[in-house]
Amino acid sequence: MHSLLEDYLAEVAARLGPLPAKRRAEELREMRAHLEAAYAAGLAQGQSDDETARDVLAQFGAPEAVGAETVAVWRRGVRLDRRDFWGAAACALVLMFLLPRLMEPLQTAYFHRYVVGPLLFTAFFVFFGGVIYLLAGAAASLLFPRRTVAGIGLAWSIHLFWIFHVGFRARHAGYGVILTQYLYFLVYALIYGLFCLLGVWLVSRWRTARTGRARVARG
Amino acid sequence: MRRELAKGDLPALVLAVLGEGPRHGYAIAREVERLSEGALHLREGTLYPALRVLEQDGLIAGTWEAQAKGADRKVYALTEPGHREMGHRTQALRDYATLLHTVLGKIGQGAAEQGKIGQGETGHAQSA
């Protein structure tokens, strides 16, 4: 490629400093492909190398403007990602705290386990709780598609910490009981976390089927 | 007459061009030039930020594809929301163009009437 075009790309690259390296490389790769195509088309019309290169650059725009606009759009993407991360975390956290309140009547019923049998009741408890977490994941993914997994991960961590904190408050019951309780909570938390991710995945599949493109955020 | 494309009109034009089929950035620029018969001048460096915004909004999707000749190119296509949005934005642009035409037409009529009145007054003055 002509040296003027290489110098131009170097100037634009210098202005793309705020961008992550991978993103910067991709932007420059796309601009390079464009300039190469325009340069080849200009040469095919019988123009000289220098004249073609200058025309191509005049058509493309000043490197300061191109660089500034590219960075501004990247920052817009970062703001949207940040909004969706906190939005997904807040949405999932609210649902994770609120929806289990629906299960409180069932917890009373737990003490009537001799009626349904402990295994059947545990399975139902897990399933019902799983549906709640699936809905939390699906809702967060629907409303905030760009950083859903990361946001839900934060919400789940906070919720898990809260569960352990609540469990620890019962330490007067003895550490053996607490340890058993923690293991019990941990297993439930892991299962519910998987249900949450299942909700996110289902929304992602639905969105892909509708739009032809996955919108689930990167982690 | 060559006219620079307004920045705010670029996304709608990009969506309209992609409505005809997937294209990479250079092809979009050439298509705009071809359709306008060279009258619309596009600062091609602004095309890629506009494409990025449309990608962020989920209206288009870009994928890198190997080309028969030359380097790989990122080819863009409309998503389903993009098809709907293209319809809205192109209609909004058409409505705006019609509105401008109407307003300018009325201004032109008004100016012509002012000119006739002026001629009439001059005619009276001359005959007097």
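Since the model is a prediction, treat every value here as computed from it, not as a measurement.

Caption draft 1: Spotlight on the overall build of chain B. Summing up its helical and strand segments, chain B has four helices and five strands in all. Burial status across chain B gives 34% buried among its 128 residues. The contacts of chain B with a sequence gap of at least 6 include a subset with a gap of at least 24, amounting to 52%. Accessible area of chain B: about 7,600 Å², with a carbon and sulfur share of 56%.

Caption draft 2: Structural view of the nonpolar core. Of all hydrophobic cores here, the largest spans 40 residues; its most connected members are A:Leu35, B:Val14, B:Leu47, B:Leu51 and B:Ile60. Among the secondary structure elements, those contributing two or more residues to this core are α1 (3-15), α2 (21-44), α3 (49-60) and α4 (63-98) of chain A together with α1 (10-18), α2 (25-35), α3 (47-56) and β5 (73-78) of chain B. Listed in part, the 19 residues of the second largest apolar core include A:Ala88, A:Phe125, A:Ala155 and A:Cys196.

Caption draft 3: Just the environment of B:Gly19, in detail. All names here are of chain B. Structurally, glycine 19 is set in the loop between α1 and β2 (23-24). Distance in space between the C-alpha atoms of glycine 19 and glycine 108 is 36 Å, their sequence separation being 89 residues. The residues contacting glycine 19, other than those within four sequence positions of it, are Leu78 and Met86.

Caption draft 4: The interface of chain A and chain B, seen in detail. Each side of the interface is counted separately: chain A has 27 residues, and chain B has 33 residues. Of all residues in chain A, the largest losses of buried area upon contact with chain B belong to A:Glu30, A:His34 and A:Gln59, amounting jointly to 26% of the total for that side. Where chain A touches chain B, the interface holds five salt bridges. Taking the shortest distance from any N to any O, the salt bridge between A:Arg29 and B:Asp72 comes out at 3.3 Å. Scanning the region where chain A abuts chain B turns up 15 residue pairs in polar contact (both at pLDDT 80 or more). Among the secondary structure elements, those contributing two or more residues to the side of chain A that touches chain B are α2, α3, α4 and α9 (175-211) of chain A. It is α2(A) that contributes the most residues to the side of chain A that touches chain B, eleven residues altogether. Looking at the side of chain A that touches chain B residue by residue, the class counts come to nine nonpolar, six polar and twelve charged.

Caption draft 5: Up close: the packing of aromatic side chains. Throughout the structure, instances matching the rule amount to four aromatic pairs over all chains. Aromatic side chains A:Tyr8 and A:Phe60 sit 5.8 Å apart centroid to centroid with 85 degrees between the ring planes, which places their arrangement in the edge-to-face category. With A:Tyr8 in helix α1 and A:Phe60 in helix α3, this residue pair connects regions lying 52 residues apart in the sequence. Relative to A:Tyr192, the ring of A:Tyr133 lies with its centre 4.7 Å away and its plane at 10 degrees, an arrangement referred to as stacked. Taken as a pair, A:Tyr133 in helix α7 (residues 118-143) and A:Tyr192 in helix α9 lie far apart in primary sequence, 59 residues in all. Accessibility expressed as a relative area gives 5% for A:Tyr133, which makes it buried. Among the aromatic residues, ring-to-ring pairing joins A:Tyr8, A:Phe60 and B:Tyr48 into one connected group.

Caption draft 6: Spotlight on the sheet that holds β2(B). All names here are of chain B. On the basis of which strands lie adjacent, the open sheet formed by three strands has the order β2-β5-β4 and antiparallel pairing. Here the strands that pair on one side only, and so sit at the sheet edges, are β2 and β4 (60-65). Both β4 and β5 contribute to a ladder of six bridges, which runs antiparallel. The partner of glycine 62 across the bridge, within β5, is tyrosine 76.

Caption draft 7: Local environment of a negative patch on the surface. On the surface, A:Asp49, A:Asp50, A:Glu51 and A:Asp55 cluster together into a patch of negative charge. Residue placement: A:Glu51 occurs in helix α3.

Caption draft 8: How the structure looks around the environment of B:Arg30. Residue and element names in this part refer to chain B. Looking at the element boundaries, arginine 30 is found in helix α2. The class for arginine 30 is partly exposed, based on a relative accessible area of 22%. Considering only alpha carbons, one finds arginine 30 and lysine 69, 39 residues apart in sequence, at a separation of 17 Å. Among the polar contacts made by the side chain of arginine 30, one reaches the side chain of glutamate 44 at a distance of 2.5 Å.

Quick notes on the rules
- Every chain begins its residue count from 1, and numbering advances along the sequence as written.
- Chains carry letters from A onward and ligands carry numbers from 1 onward, assigned in written order.
- Totals for whole chains, interfaces and linings use all residues, but because this is a predicted model, local features are given only for residues with pLDDT of at least 70 and pairs of side-chain atoms are given and counted only at 80 or more.
- Hydrogens and water are ignored here; the side-chain numbers use all heavy atoms of the structure.
- Secondary structure counts use DSSP, requiring at least four H or I residues in a row for a helix and at least two E residues in a row for a strand, with both numbered from the N terminus.
- Relative accessibility decides the category of a residue: with a 1.4 Å probe and only protein chains considered, values under 20% of the type maximum give buried, values over 50% give exposed, and everything between is partly exposed.
- In what follows, a contact means two residues having at least one pair of non-hydrogen atoms within 4.5 Å.
- Accessible surface is estimated by sampling points in the Shrake-Rupley manner with a 1.4 Å probe; for residues, cover comes only from the protein chains shown.
- In plain words, nonpolar cores are sets of buried Ala, Val, Leu, Ile, Met, Phe, Trp, Tyr and Cys residues tied together by side-chain atoms within 4.5 Å.
- Buried area counts how much accessible surface, traced with a 1.4 Å probe, disappears from two parts once they are put together, with both parts' losses summed.
- Within this document, salt bridges are pairs made up of a side-chain nitrogen of Lys or Arg and a carboxyl oxygen of Asp or Glu, the two lying within 4 Å of each other.
- Within 3.5 Å is the distance limit for a polar contact, defined as a pair of N or O atoms, with the added protein rule that one can donate a hydrogen and the other accept it, and that residues adjacent in sequence qualify only through two side-chain atoms.
- Three classes are used, and their members are as follows: Ala, Val, Leu, Ile, Met, Phe, Trp, Tyr, Cys and Pro are nonpolar, Asp, Glu, Lys and Arg are charged, and the others, Gly among them, are polar.
- A pair of aromatic rings is counted whenever rings of Phe, Tyr or Trp (Trp by its six-membered ring) have centres within 6.5 Å, and the orientation is called stacked for planes under 30 degrees apart, edge-to-face for over 60 and tilted otherwise.
- Two strands pair under a simple rule: DSSP has to find at least two bridges between them.
- Each patch is assembled from residues with relative accessible area greater than 30% and no salt bridge, linking like charges that lie within 9 Å and nonpolar side chains (Val, Leu, Ile, Met, Phe, Trp, Tyr) that lie within 5 Å.
- The sign given to each residue is positive for Lys and Arg and negative for Asp and Glu; His and the chain ends receive no count.
- Positions of charges follow a simple convention, taking NZ of Lys, CZ of Arg, CG of Asp or CD of Glu.

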